[in-house]
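Analysis of the macromolecular model
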Amino acid sequence: MTATTPARLGIWDELRPQLEAAGWLAGEQVDARAVPLLEEVRRGPEPEAALERLAGALGASPELARAALADPGVGRALVAIAGASRALTRTLRHHPDWLLAAVRGDAGRPAGHGDTGTLRQAVRRGLLRIAVGDLLGETQMPEVGRRLADLADDAAAAALDLADREARQRPDLAELPPIPFLVVAMGKWGGRELNYASDIDLLFVYESPEGADAGAVHDYAQRTAAAFMEVLGGIASDGVAFRVDADLRPEGKAGPLARSLDAYVSYYDRWAEPWEFQALIKSRPAAGDPGLAARFTEVVTPRVYPESLPPDSIRQVRSMKSRAEAHTERRGRAHTEIKRGVGGIRDVEFSVQLLQLVHGRSDATLRGQDTLSALEALHAGGYVRPDDAAALHEAYRWLRDLEHRIQLWDLRQTHELPTDDAARERIAKAMRYRDGPESSALAAFEADLVRYRAAVRTIHERLFYRPLLEAFAESPAVRLTEEGAQRQLAALGFRDAAAARRAFDDLTAGLSRRSRLMRQLLPLMLDWLSAAPDPDLGLAQLRMLVTSTSDNARLVAALRDNPAAAERLCRVLGTSRLLGRLLDRIPQALASIGDDAALDRVPEPEALAGEALLRVKIRDDLAEAKAALRRFVRGGVLRVALRDLLDRADVVAVGQELADLADAAAAAALDLADHETRQRPDLADLPPIPFLVLAMGKWGGRELNYASDLDLLFVYDPPPGADPVAANDYALRVATAFQDALGGVTPEGVAFRVDADLRPEGKKGALARSLDAYAAYYERWVEPWELQALIKARPAAGDPGLAARFAELVTPYVYAETLPAETIRHVRHMKARIEKERIPPHEDARFHMKLGTGGLADVEFTTQLLQLTHGGRHPRVREAGTLAALGALDGAHLISPADARSLADAYRFCARVRNRLYLQAGKVRDSLPADPEETVRLALSLGYDHHPGSQLREEYRRRTRRARKVVDRRFYGME
C-alpha cells in the first residue's frame, strides 16, 4: 500500500517543522492517526490557511498535539475549529486546555462571587464548547441557540450578583433591604435562539419593598443596572463577555436604565408603540427575583395580546419592516444580507411574530418566545399551511446555520455574505458542503441559498400581507360563555341565540384542523353574517356547509386566505336558502366567489352546449349520464345565481344566462333521447329524422327566471321515403325520452321541469307532431292564445333546417297583415279572466308580481298585443323577448318612449324582486311577503337600507302604478 506522504496531504515545507514538533510528521512519514484529520483539512474550508492555523495551535501546546492524535474527538474538533473560525483558533493557542475540556464535557459555567475577568473567560470557554458541538454536527439548530442563551443566562446571574455587590459598596445603599430586581431577556436572547455574536437585548425591572425609601431604591436600581452592563459588556484586553443592549427599554436611550414595574405598566398603557409589544413577544425573565418575574409576565401578557388589536398596529409593523428593507436596499445589501435582506431571517421572524400578535390574543398556544416553536404552534393551530410551515422551518434552520458560520469566523456581529468566491467557498464548506463529481461545494451552496431565500420570500409575502389580518386584529375574540351568549349573539343580530350558539359550538368544537381554523375565522364571519339580511339562516347554512364538506379543513383555510370569498360567502348564505343548498352540493364553487374575473367570465352558448354534451357522452350508463346532466345544470344555476346575488349580473343577463344553460341542457338531453330511442331494434336502422325542440314562453324569450318551467314544442319532419309510422313512433319516443332526461326525478333531482302543454290540443294532443301536422292544425284550428304564445317560439335544440321551415310556416299566422278585432277581444278577455281567477284568494293582488296590476303579465300581454297588431307591417318588432320587443316598438314609434320605459321598468323590477324572493325562500313566491320581517330581509338583500321594507313596497307601488296606467291605455284602450 502506498504510504501517505506530506505532499499528498498538501503540507508545504514551511509547516513541516511545526507538524514534526507536534509529532504528526516524521520526515516523509505522516502519523497514521493524523492522516484522516489532515485529509479533512484538505477537503474542508480554506485548506492552506486552515492547515497553517492548525499547525500554529499544535505548536503552541504539545499536550493538545498529543491529545488530538490519541483522541479522535479532540482531533476532529481541532480541525473543525481551524477551518471555520480563526478567532477561536487564536483562543486555542492561548487556552488549549479549553478544547480538551469542551470535548470531555467539562467546559465550566459562569458563577457568582468571582470577578469580571473570570466571567469573561467562562463565557468564552462555554462558547467554544458550543461551537465544537455545532461544527461537528453533534448539536443542531435550534439547540445551538438554546445553549448560547443558557450560557447568557448563567452569565447574567453571575453578573447580577457582582452588580448587586458593587452597588451596595456605597454607604447610603449598603443597608438597603433586598430589592426585587429582574433582568428580562429580549430579542434572540429572550427567544433562546442566540447566535455567536449577538448582543443580549434586555430590560431592567425593580420593585420598592414596603417601607423602603423610594429614592434610594431608584438609585440602587440604576446603579445595579449600570454595573450589570459593565460587568457583562465592559471591554477588556480579553474582550467582552456579552455585548449588552438596553435600547428596547421605554424611551430607548433617553429613558432610565431601570424602571419599576408600575412605571412599565404606566408606559405600556399610555405611550408604547406597536413595535414595543412585538419585541415583548420574546420577553423572558433571565435573572433576578422569581416573584417579580412572575408579576412582570402577568402584566405584560395581556398588553402584548389584548382583547382587540387596532388595525393600525398591523400597518405599523408592516411599515417598520418595509423601512428596514428599504434601508438594506439603499446600502446595496438586499441580496447579501441574510438577516434583513430579501428572503432572509427577518422575513421568517416578522411573519411569525405578526401572526402571533394577531392570533395569540385568543390562542395561548401561540405565545412561545422562539421562532421555530411558535411556527410549529401556528402550523398545529391551522394558522399556517403545513407545506408553508415545513418550508419555513427548513429554510430558517438553514439560514440560522449560515448566520452562525459567518459569525464564527471572527466572532463579529455580521450577517453579510462576502462577495468574493474564495470567502463564500469557505463558508459553504463550513456549512458541510463538499466538492463532488456533480457540483462544487460553492455551486451547491449557492443553489440552496437561492432556493431557501425564494421560498422564504414567497411565503413571507403570503403570510405577512394576509388580507384578513387587520380584520382579525380588530375583531375581539369571541368567547360565547353560557351567560354571555344571548347578549353577544343578540348584539350581532341573531334572533335565535340558542340555535346560533349550537352552530357556533359545532363549528369550533374539537381539536381538528377544521375546528381550529374556524375558531380563527368565525369571529369575523359572525360579524359579516350580522350584516346579511338573515344572520340566523347564514350561520345555520355555514354550519351545514362546513360540517358536511369532506375536505372541510381545506375549505375553511381557503376562506381564511381569501377574505373577499369569506365575506361574500356570508352575504350569500345569509341571503339565500337556495344557494345554501346548492353550495352544500357544489362546494368547489366557493373558489369563484371572491374572484370578480371568474364571476364575470360568462361561458359562450356554444361552449356551454359543448360542455353539456361532453358530460353525457363520456358516460355509457344512461342513469349516470342523466345524473351528470343534472349536476351540470345545478352548477350553471349556481354560477348565475351567485352573479345575481353579488350584483355582477342584472335581471336581463340572468334571464339570458339561464336560457343559455337550458339550451345547452336541451342539446345534451336530445342527444341522450336519440341514443336511447335508437336502442330499440325496430328503430335502430331508421335514417336520420329531422327533430326540433322549440323553446316557448320565458325560455323562448331568453328571459327565464329561477322558478321557470321550460315551455316547449316538439316538431319532426320525416324525410322523403321514410316510413311515416316508424318516424312518428321515433319522434314520440324521442320527445318522451327528452322530457325524462331533463325533467325526470333522479337521486340528483331534476335538471329542469318541462312543460309541453302549449302544443296543439294541449295535453290531449300528440307530444310531437310533424311539420305538416302543425301546418294543418294552424290552418284550421289555431286559437288567438296560441298565436300569442308563438311570438316567443325559438329553436333551442335540434335540426337547423327544420327550425327555419317551422319559422317560415308560423310567421304568416302570427304576424298577419291586419289583426282581426275578434283576436284582440279574445286576448283582452283571456287577460281579464287570468287577473280574476288565477290570483289565490289569500294573496294581495296589489303586490302579486306575476299577475297583479302593473306586474309581469300586464307588461307581457300589452307588449304581445302590440306585436300581434303591428308585426305584420313592422318585421323589426318580431322579438321573442319582452324587453327587446318593447325596445323595437319604441324604435318603430309604435309606443311612446315614456310608455315603453314605464313598462320596461316595471318588468325589470318585478322580475328582479321575484328572482330574489325565490333565491331567498328556495321556492316559488309570486307575491311580496306579508310578513314584515321577511319583507325587510328581502329588501335588505335588494340593497334598501333606510326603512327597507317600506322602501321596497313604496317602490313596487310606484313602478306598477305607472305600468298599469300604460296597460289601461295601450292594452284595454288600444290607443
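A short tour of the structure in this document, coming up. (Residues numbered from 1 in each chain as written. Predicted model: local features only at pLDDT ≥ 70, side-chain atom pairs only at ≥ 80, totals over all residues. Heavy atoms only, no water.)

**A few points about the overall build of the chain**
The helix and strand tally for the chain stands at 45 helices and 12 strands. Against the globule reference of 30 Å for 975 residues, the chain gives a C-alpha radius of gyration of 42 Å, more extended than a compact globule. Looking at the 975 residues of the chain, the share that counts as buried comes to 55%. Excluding contacts between residues fewer than 6 apart, the proportion of contacts in the chain whose partners are at least 24 apart in sequence is 72%. Of the accessible surface of the chain, which amounts to about 41,100 Å², a share of 51% is contributed by carbon and sulfur atoms. Seen as two clouds, the 132 positive and the 141 negative side-chain charges of the chain have centres 3 Å apart. (Helix = DSSP H or I, 4+ residues; strand = E, 2+ residues; numbered from the N terminus. Rg over C-alpha atoms; globule rule 2.2 N^0.38 Å. Buried < 20%, exposed > 50% of the residue type's maximum accessible area, 1.4 Å probe, protein only. Contact = heavy atoms within 4.5 Å. Areas by Shrake-Rupley, 256 points an atom, 1.4 Å probe, with all protein chains shown as cover. Lys, Arg positive; Asp, Glu negative; His and termini not counted. Charge placed at Lys NZ, Arg CZ, Asp CG, Glu CD.)

**Some words on the environment of Ser 308**
Tracing the sequence through the fold places Ser 308 in the loop between α15 (290-304) and α16 (311-330). On the basis of relative accessible area, Ser 308 is assigned to the partly exposed category, the value being 36%. Expressed as a C-alpha distance, the spacing of Ser 308 and Ala 473, which sit 165 residues apart in the sequence, is 6.2 Å.

**Focus on the pattern of salt bridges**
For the coordinates displayed, the defined rule picks out 82 salt bridges. Between Arg 501 and Asp 505 there is a salt bridge; the shortest N-O distance is 3.2 Å. On the criterion of helical spacing, the pair formed by Arg 501 and Asp 505 is a turn pair, its members being four residues apart in helix α24 (residues 497-508). Linking Asp 858 and Arg 964 is a salt bridge whose minimum nitrogen-to-oxygen distance equals 2.6 Å. One end of the pair, Asp 858, is in helix α41 (residues 856-870); the other, Arg 964, is in helix α45 (residues 948-972), and 106 residues separate them in sequence. The two residues Asp 858 and Arg 964 agree in class, both being buried. (Salt bridge = Lys/Arg side-chain N within 4 Å of Asp/Glu carboxyl O.)

**Observations concerning the pairing of strand β9 (residues 710-716)**
In terms of burial, β9 is a largely internal element, seven of the seven residues being buried. Here strand β8 (residues 691-695) pairs with β9 via five bridges, running antiparallel. In the strand pairing of β9, Ala 695 is matched with Leu 712. Across two bridges, β9 lies against strand β10 (residues 754-755) in parallel orientation. Paired with Leu 710 across the strands is Val 754, a residue of β10. Between β9 and its parallel partner β10, the chain crosses via helix α36 (residues 724-743), and the hand of that crossover is right-handed. (Pairing = 2+ DSSP bridges. Right-handed = clockwise from strand over helix to strand, strands pointing away.)

**Re the nonpolar core**
By size, the foremost hydrophobic cluster in this structure holds 169 residues, and its most contacted members are Leu 542 and Trp 699. When residues of this core are assigned to their parent elements, the largest contribution, 14 residues, is made by helix α34 (residues 651-677). Discounting residues that sit within four places of it in the chain, Trp 699 has contacts with Ala 659, Ala 662, Asp 663, Ala 666, Val 693, Leu 704, Leu 710, Asp 711, Leu 712, Arg 794 and Ala 796. Grouped together as the second largest cluster of nonpolar side chains are 91 residues, Leu 160, Leu 173, Val 183 and Leu 194 included. (Core = buried A, V, L, I, M, F, W, Y, C linked by side-chain atoms within 4.5 Å.)

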